[in-house]
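A structural walkthrough
Listed below, chain by chain, are the residues.
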Amino acid sequence: MKPERDNSFVDLLDRCLNKGIILNADVIISVAGVPLIGISLKAAIASIETMLDYGMMEAWDKSTKDQYVRRKKSELLVWP
């Protein structure tokens, strides 16, 4: 019996990077009804291009571009 659709890990990873995954979890650990620890977990998993399309990582993108421009300018100033 052969599966109708052959999904591989690579296909799954490609889809996750292209579409993105957002994980949101709030956990409260309590003992005898008394909350002791609160944990808030947030994660976004996607390619940089996808994150930039959705408006995430803009500060990182700007700083990366600024560093690239500074590096290119310094290379132009040092002429052999």
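The structure under discussion appears in the preceding block.
Summarised in this report is the structure supplied together with it. Computed from a prediction, not measured in an experiment: that's the story for all the values here. (Residues numbered from 1 in each chain as written. Predicted model: local features only at pLDDT ≥ 70, side-chain atom pairs only at ≥ 80, totals over all residues. Heavy atoms only, no water.)

**A look at the overall build of the protein chain**
Of regular secondary structure, the protein chain possesses 3 helices and 2 strands. Secondary structure of the protein chain in N-to-C order comes out as α-β-β-α-α. Taken over 80 residues, the protein chain has a buried fraction of 6%. Look at the contacts in the protein chain between residues 6 or more apart in sequence, and 28% of them connect residues 24 or more apart. (Helix = DSSP H or I, 4+ residues; strand = E, 2+ residues; numbered from the N terminus. Buried < 20%, exposed > 50% of the residue type's maximum accessible area, 1.4 Å probe, protein only. Contact = heavy atoms within 4.5 Å.)

**Quick word on unusual backbone geometry**
In the Ramachandran plot, Ala32 falls in the positive-phi region, its phi being about 55 degrees despite a non-glycine side chain. Checked against the element boundaries, Ala32 lands in the loop between strand 1 (21–31) and strand 2 (34–45). By relative accessible area, which is 80% here, Ala32 ends up exposed. Of note, Met57 is a non-glycine position whose phi angle comes to about 65 degrees, a positive value. Examined against the element boundaries, Met57 turns out to sit in the loop between helix 2 (48–53) and helix 3 (58–77).

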